[in-house]
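# Notes for the structure review
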Amino acid sequence: MPLSNRRFGTEQEVFLPFCPSQVPRGPSPTHKVAAFLVSKGVPAISTAELRQNPERKTRERLWLTMEEPSLGNSSWGLEEAAEITTPIMQGERDLNQIQMVTRQLAAHEFMVDPRTGLHVHHEAADLDLSGFKRLAFNHVIAERAFDRLIASDRRGDQNKYALSTRPEGMVDYFLTRLDSVRRIEGISNALFLGGHSTERPKLNLDAFTKHGTVEFRHHHGTLDDNYVGHWVRLTQAFVDFSTHEPSLLSVSDGITDPHEAWRESMDDSPEVQDRLLGKLISLAGSKTKQHYMGVLQEREATVSPTVSNTQAQRLIPAP
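Below or above, wherever it landed, is the structure these notes cover. (Residues numbered from 1 in each chain as written. Predicted model: local features only at pLDDT ≥ 70, side-chain atom pairs only at ≥ 80, totals over all residues. Heavy atoms only, no water.)

## Details of the overall build of the protein
Looking only at helices and strands, the protein has 13 helices and seven strands in total. Compactness check: the protein gives a C-alpha radius of gyration of 20 Å against a globular reference of 20 Å for 319 residues, within 12% of the reference. Overall size of the protein, expressed as C-alpha extent along the three principal axes, is 60 × 45 × 35 Å. Relative to its full complement of 319 residues, the protein shows a buried share of 57%. If you take every contact in the protein between residues at least 6 apart in sequence, the share linking residues at least 24 apart comes to 73%. Of the accessible surface of the protein, which amounts to about 14,300 Å², a share of 51% is contributed by carbon and sulfur atoms. Taking the 36 positively charged and 42 negatively charged side chains of the protein as two groups, their mean positions are separated by 4 Å. (Helix = DSSP H or I, 4+ residues; strand = E, 2+ residues; numbered from the N terminus. Rg over C-alpha atoms; globule rule 2.2 N^0.38 Å. Buried < 20%, exposed > 50% of the residue type's maximum accessible area, 1.4 Å probe, protein only. Contact = heavy atoms within 4.5 Å. Areas by Shrake-Rupley, 256 points an atom, 1.4 Å probe, with all protein chains shown as cover. Lys, Arg positive; Asp, Glu negative; His and termini not counted. Charge placed at Lys NZ, Arg CZ, Asp CG, Glu CD.)

## Regarding the packing of aromatic side chains
On inspection of all chains with the given rule, the structure shows six aromatic pairs. Between F132 and F208, the aromatic rings sit 5.0 Å apart at their centres with planes inclined by 65°, giving edge-to-face as the arrangement. Of this pair, F132 sits in helix α5 (residues 129–147) while F208 is found in helix α8 (residues 207–211), placing the two residues 76 residues apart along the sequence. Following the ring pairs from residue to residue traces out a cluster consisting of F146, F216, W231 and F238. One Lys or Arg, R177, reaches over the ring of Y173 and ends 4.7 Å from the middle of that ring. (Phe/Tyr/Trp six-rings, centres within 6.5 Å; stacked < 30°, edge-to-face > 60°. Lys NZ or Arg CZ within 6 Å of the ring centre and 35° of its normal.)

## Here's the deal with the environment of P20
Mapped onto the fold, P20 is located in the loop between β1 (8–15) and α1 (29–39). The exposed category is assigned to P20, whose relative accessible area is 65%. The spatial distance from the C-alpha of P20 to the C-alpha of V307 is 45 Å, given a sequence separation of 287 residues.

Next up, the structure:
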């Protein structure tokens, strides 16, 4: 299934190669990565250089390279790291460019480890308040299914940069808070009590205020271009589904009642959880579903027939 018209962007956290010959020289890791991208035909600039030449961003579709404090970046230490951020992207051609860059990074011995992540932003200007609430609750329901597609150390609340959105305690209290929200900016506070919302959850709705997007922070760092491509497709289809489909991404078809959807998702039996996972990975079409069935085979050593035979409630409307 092709991408919809929804715009998107990615942020890839990487470590630079240990071998200096793999990247151009520069005063900092971010300068080196920007120069590397330019050498591959990709217009790029470090955030430090951009501050000295801010008008470039308004006239060019620039990729940005920036420091990522969570990776312990330093130009004198044994490890050098950077975050690579795309410009606003749209459609198959732009996704192909992201995958090309990922292949180049892998070919030149850039690295990822459990500290790194792949973040995807999707445009959210067409979501109204009810759509945002539906997106938030769909993620609550589907989070454990998403968890099965990624590295084990980013599941549940194990990674402080990708925290769970599932409510603690009684779901009734959470749904009452969510129902009472009257502005999109308040949804994160409904999802997370206290300061938890500032600690970078797996689904970052606060990105809407800054960028007009929703951000998926769930995925582990990767230099596999297929993993990157299918994660963009799956998360975009998930946003599209929440925008266009009034029913929830629940185990049974056509459920609109959050309490009923939650009760179903709390059933830990393999058949129920496999059916929910099958619904999720079907959203972006057969090729993405086949990719994630391969991921499941790799991570769980088997693929349940329930996953294989489950289809999405309804195909996403064509762009």
